[in-house]
Amino acid sequence: MTAQTTGTDLTGAEQACADGESALTRGDTAAAEGHFGRALELAGLEPVGDGPDLHGGPDGLGDDPGHDVRDGDLRDGDARNGDGLDVDTHTHPAANGTATSVAVNGPGAEGVARLAARAWTGAGRVRLARGELDAAEAEFERARALRPAAAGPLHWLGCAAAHRGDLAAAERHFTASLACAVPHGRSLVQRAYVRARAGDPAGALADLRGAAPAGPLDDEARWVVAALSGRSAREVALRLRRAAATTLTDPGERAGQREPRQEGPRHGQPDAARWERAGALIDAARGLDAQAWTQVPLHAVALVRSGRRDAAVALLGDAVRHDPADHRVTHTLALALLNSPSDAAGSVWERCVAAWAALLHDAGFWEHVLSTASRRYAIPVAHSLVPALRSGLREALERRMPADGAGARVAPGPLLQREADAAKLLAAVGGFPSAGGGGVPLFCGPLRVAELGRTAEFGAFAAAQEATALHASLTYAFSELGFAQLLLGQDKAADALAALTELRCTDCRARGGPGAAAVCEPGCARFDELNPGYAGLPDKHRRLSLDARGLALEARLTMGCAALTATRPDFDAAAAYWRRALVHSREIDRYRETQTAIVDMALGAARAAHREGRLSLAVDTLDATRSVIGANERARLEGQLARVLADRGISVANDGEELLDQPAADLRRSVSFNPHLLRAQVSLGIVLRGLALARWSSGSLAGARATLREAIDQLTAALEHFPDDPDLVELRESAVADLNHVMWQPDESEQ
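Residues numbered from 1 in each chain as written. Predicted model: local features only at pLDDT ≥ 70, side-chain atom pairs only at ≥ 80, totals over all residues. Heavy atoms only, no water.

It is worth spelling out the overall build of the protein chain at this point. Tallying secondary structure elements over the protein chain gives 35 helices and four strands in all. Within the protein chain, buried positions represent 49% of all 751 residues. Restricting the contact set of the protein chain to residue pairs at least 6 apart, pairs at least 24 apart contribute 62%. If you sum the accessible surface of the protein chain, you get close to 33500 Å²; carbon and sulfur atoms cover 52% of it. (Helix = DSSP H or I, 4+ residues; strand = E, 2+ residues; numbered from the N terminus. Buried < 20%, exposed > 50% of the residue type's maximum accessible area, 1.4 Å probe, protein only. Contact = heavy atoms within 4.5 Å. Areas by Shrake-Rupley, 256 points an atom, 1.4 Å probe, with all protein chains shown as cover.)

Right, let's get into the packing of helix α29 (residues 591–611) against helix α30 (residues 615–626). Between α29 and α30, whose axes approach to 7 Å, the crossing angle comes to 170 degrees. Looking at the two axes, α29 sits roughly antiparallel to α30. On α30, the residues touching Ile598, Ala602, Leu603, Ala605, Ala606, Ala609 and His610 of α29 are Leu615, Leu617, Ala618, Thr621, Leu622 and Thr625. In terms of residue class, the contact of α29 with α30 is made up of 10 nonpolar, three polar and no charged. (Axes fitted to C-alpha atoms, helices over the stretch in contact; angles between N-to-C directions. Parallel < 35°, antiparallel > 145°, perpendicular 65-115°, else oblique. Nonpolar A, V, L, I, M, F, W, Y, C, P; charged D, E, K, R; others polar.)

Positionally, Leu397 belongs in helix α18 (residues 386–400). Along the chain, Leu397 and Gly413 lie 16 residues apart, while their C-alpha atoms are 8.6 Å from each other. When residues no more than four places from it in sequence are discounted, the contact partners of Leu397 are Leu338, Trp356 and Leu416.

With that settled, consider the side chain of Thr25. Within the fold, Thr25 resides in helix α1 (residues 7–26). Since its relative accessible area comes to 4%, Thr25 is described here as buried. Within the structure, the side chain of Thr25 is placed 3.0 Å from the backbone oxygen of Glu21, a separation counted as a polar contact. (Polar contact = N/O pair within 3.5 Å; in protein donor to acceptor, adjacent residues only side chain to side chain.)

A few words now on the confidence of the model for the protein chain. Should the pLDDT be low somewhere, the predicted coordinates at that spot are not to be read in detail. Per-residue confidence for the protein chain gives a mean pLDDT of 82; residues scoring 70 or more make up 84%. Of the regions scoring below 50 in pLDDT, residues 47–103 engages in 193 contacts with residues more than four places distant in sequence or in other chains. In the model, residues 252–267 has pLDDT below 50 throughout and makes 23 contacts with residues more than four positions away in sequence or in other chains. (pLDDT = per-residue confidence, 0-100.)

A few words now on unusual backbone geometry. Backbone geometry at Gln295 places phi at a positive 55 degrees, although glycine is not the residue there. Considering the arrangement of structural elements, one finds Gln295 in the loop between α12 (272–288) and α13 (296–305). Located in the positive-phi region is Asp491, a residue other than glycine, with phi close to 60 degrees. Secondary-structure assignment places Asp491 in the loop between α23 (481–489) and α24 (493–499).

With 66 residues, the main nonpolar core has Trp356, Leu426, Phe458 and Phe478 as its most contacted residues. Among the elements that line this core, the one with the most residues is helix α16 (residues 346–360), at nine residues. Listed in part, the 29 residues of the second largest apolar core include Leu564, Ile598, Ala618 and Ile629. (Core = buried A, V, L, I, M, F, W, Y, C linked by side-chain atoms within 4.5 Å.)

Axis separation between helix α6 (residues 167–179) and helix α7 (residues 187–197) bottoms out at 9 Å; the angle between their running directions is 155 degrees. By the angle class used here, α6 and α7 are roughly antiparallel. Our pair here, α6 against α7, has a crossing hand that is left-handed. When α6 is examined against α7, the residues Leu167, Ala170, Glu171, Phe174, Thr175, Ser177 and Leu178 are found in contact with a partner set consisting of Ser187, Leu188, Gln190, Arg191, Val194, Arg195 and Arg197. (Left-handed = near helix turned anticlockwise from the far one by under 90°.)

Scanning the entire structure with this criterion turns up six aromatic pairs. An aromatic cluster of three or more residues is present, and its members are Phe432, Phe458, Phe461 and Phe478. For Arg586, the ring lying beneath its charged end belongs to Tyr591, and the centroid distance is 3.7 Å. (Phe/Tyr/Trp six-rings, centres within 6.5 Å; stacked < 30°, edge-to-face > 60°. Lys NZ or Arg CZ within 6 Å of the ring centre and 35° of its normal.)

Turning next to the pattern of salt bridges. Tallied over the entire structure, the rule returns 48 salt bridges. Of the charged contacts, one joins Arg668 and Glu710 as a salt bridge, the two residues approaching to 2.6 Å between their closest N and O atoms. Separated by 42 residues along the polypeptide, Arg668 in helix α32 (residues 661–673) and Glu710 in helix α34 (residues 701–721) bring together distant segments of the chain. Owing to a relative accessible area of 30%, Glu710 belongs among the partly exposed residues under this scheme. (Salt bridge = Lys/Arg side-chain N within 4 Å of Asp/Glu carboxyl O.)

Attention now moves to the side chain of Glu419. Among the secondary structure elements, Glu419 is positioned in helix α19 (residues 412–428). A residue is classified by how much of its surface remains accessible, and Glu419, at 0% relative accessible area, is buried. Filtering out sequence-adjacent residues up to four positions away, Glu419 remains in contact with Val353, Ala354, Ala357, Gly445, Pro446, Leu447 and Arg448.

One turn of an α-helix holds 3.6 residues; hence residues three or four places apart share an orientation. Taking 1.5 Å of rise per residue, the 21 residues of α29 would be expected to cover 30 Å, and the 30 Å separating its terminal C-alpha atoms lies within 8% of that figure. When we look at burial in α29, the residues that qualify are Thr594, Gln595, Ile598, Val599, Ala602, Leu603, Ala605, Ala606 and Ala609. All buried residues of α29 project into a common sector of 165 degrees when viewed along the axis, lining one side. Where α29 is buried, its residues meet α27 (540–564), α28 (571–587), α30 and α31 (631–655). Once α29 ends, the next one or two residues include Gly613, with phi positive near 80 degrees. (Expected span 1.5 Å × (residues − 1). Arc of directions from axis to C-beta.)

Let's shift gears to the environment of Arg579. Within the secondary structure, Arg579 is located in helix α28. By relative accessible area, which is 42% here, Arg579 ends up partly exposed. Counting along the chain gives 23 residues from Arg579 to Arg556, while the straight-line C-alpha distance between them is 9.4 Å. Those residues in contact with Arg579 that lie beyond four places of it in its chain are Ser627 and Val628.

On inspection of all chains with the given rule, the structure shows zero disulfides. Looking at the unpaired Cys520, the closest cysteine sulfur is the one in Cys505, lying at 3.8 Å. By relative accessible area, which is 3% here, Cys520 ends up buried. (Disulfide = S-S within 2.5 Å.)

Here Thr565 lies in the loop between α27 and α28. Taking relative accessible area as the criterion, Thr565 reaches 45% and is therefore assigned partly exposed. Looking at Thr565, its side chain comes within polar contact range of the main-chain oxygen of Cys561, at 2.8 Å.

The buried count for α7 comes to nine of 11 residues, which makes it a mostly enclosed element. Where α7 is concerned, the buried positions are Ser187, Leu188, Val189, Gln190, Arg191, Ala192, Tyr193, Val194 and Arg195. Elements that come into contact with the buried residues of α7 comprise α5 (151–164), α6, α8 (201–211) and α9 (219–228). Looking one or two residues beyond α7, the residue adopting positive phi is Gly199, at roughly 85 degrees.

Set out below in structure tokens:
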């Protein structure tokens, strides 16, 4: 090729090369490709041979040792890149077997040759970053044909060979680079990597030690030195983690050539290759040292981004057990589990629920959320927003939970509700100490307690809370009873009763069958895990069984009340539920208490109906309840029933549209239940006189006489309770006079 360029063009080409190398440093291969192509155009050069063009192609990056993108620009006299100023024109066979012939003639040939070699080397690095090994080697061969004594093309040919897996060729190229007048600054380190991979640890260690005097080794080289030198596994793991962190930082900073900050989403963001490299280093470090680490969230993110989600979850799980109060670790774990594959096992969802529930009431987590929002929006964020944010987060999580059981023992949705409610109760008592002797409090549910292996300690904590008689509900919430308790709180008594029929673990269920007790066997190893609230009780199995019966009793009482107060009440169903509850209550010595509860429910429902003017509903409610209640509590019902019957009888009698037989019956029952109700006594006397008059008018003198005699007897009895009451006295005298009058009337039926 022939190049005739001006000094201005060469200056522009020089700048284009610098821009391309800067783009490579940032990992922006598309921009780098454009800059190197522009450099060749300005230099008046066109590629020859059958190498690829420099326009377009997928983005990507390689990893060390084969792809060395951490070096500086290929500038004149740069000891790190080895591009000298000598100009040679030769023909060399390319690595893929094709001939690459390059010639630069005319004025300024030396400068054009230098720029061409620099641009083709940069173009080869772009190809190498994309994994296009044949094309990369072709570009590097062109650069070497122009400058066979320069170290840069030889170094990058070594990197390409290492990527291809040809370690012998890679070592030859790196050795040739080192033999140049100005060796490439990274060739010795890269040859060490190749020798290590080829099974020559002594040669690799010698190269790395030889490279140290020329400048400080980077973190990648340091961990290799530590491993080859026989250092402790913990030290090697530490070096690996440092190398991973360095991989994820801005490569320009690592190379000591900090670039001006560029706008755009790509700046400072590690690409897929760097995430993969960091993940591999962290995974290797974890295999060497499983003790507690720092910067766990960052390491976990690298593992997830590199496709090692299980390793990330394991790392975070260990960190949570080491410091369960660190909300940053818990949050990262929660996110990793929430974004697990859709076919994840049930145990994954249980751990996911446990992690999120532990965050919902963690004050440190919400302080971090508020401070982050305040920095982001540059305005103060009030703490009063936390309840709304907590509710929003909980609702969002519930929507993310799988609709089916997802293979879990309990579906994730109800599990999250139980866990969150338990965490809320725990927060109300100040939290559970995160360490045996105290520590930062935890605000979590039973799943997290079991995951941390703290069931025995929590059992003692819950027992102490119960002893104060202030927070006995902790015991229920942190057990299998929590689901029934949750359903009862949601007015789903029937579902709660169904949940209480089976409280055993899967193993006890398989051994015992459907006819066995509803709780685990006394020797069950999973009892404490499923019921940490009971783990501190000496008779924990019996207590769980008794408490389960207590909740079942509450469910039946609630179901009876629901049937009684429905829009269309079912009095038979209510009575049946309550009869079963009373039988059940005898088994757990709560009969009197249950009777009182049933009567209280019935009285409340009857009073509500009475206030609404639905007197017949109130009467039916009290009658249905009276049919199942024994003598101990019946008096309370009958007192209310007497008042309601009196009101209904008086109301119907005053209405005048109905016969007086039904009001008379209501008032008779009212007086029989409560003879001390003066209003009922007086009203009954009035109604009976009216009923007698109606029968006389209809021609039944016998009926009228009988009704008047009943009225006189009733009023006489009433006067025993209310002596000298003027209304009763007057009514009795009137009834006697009416009877005397009727007695003298001829009865046609008798004639």
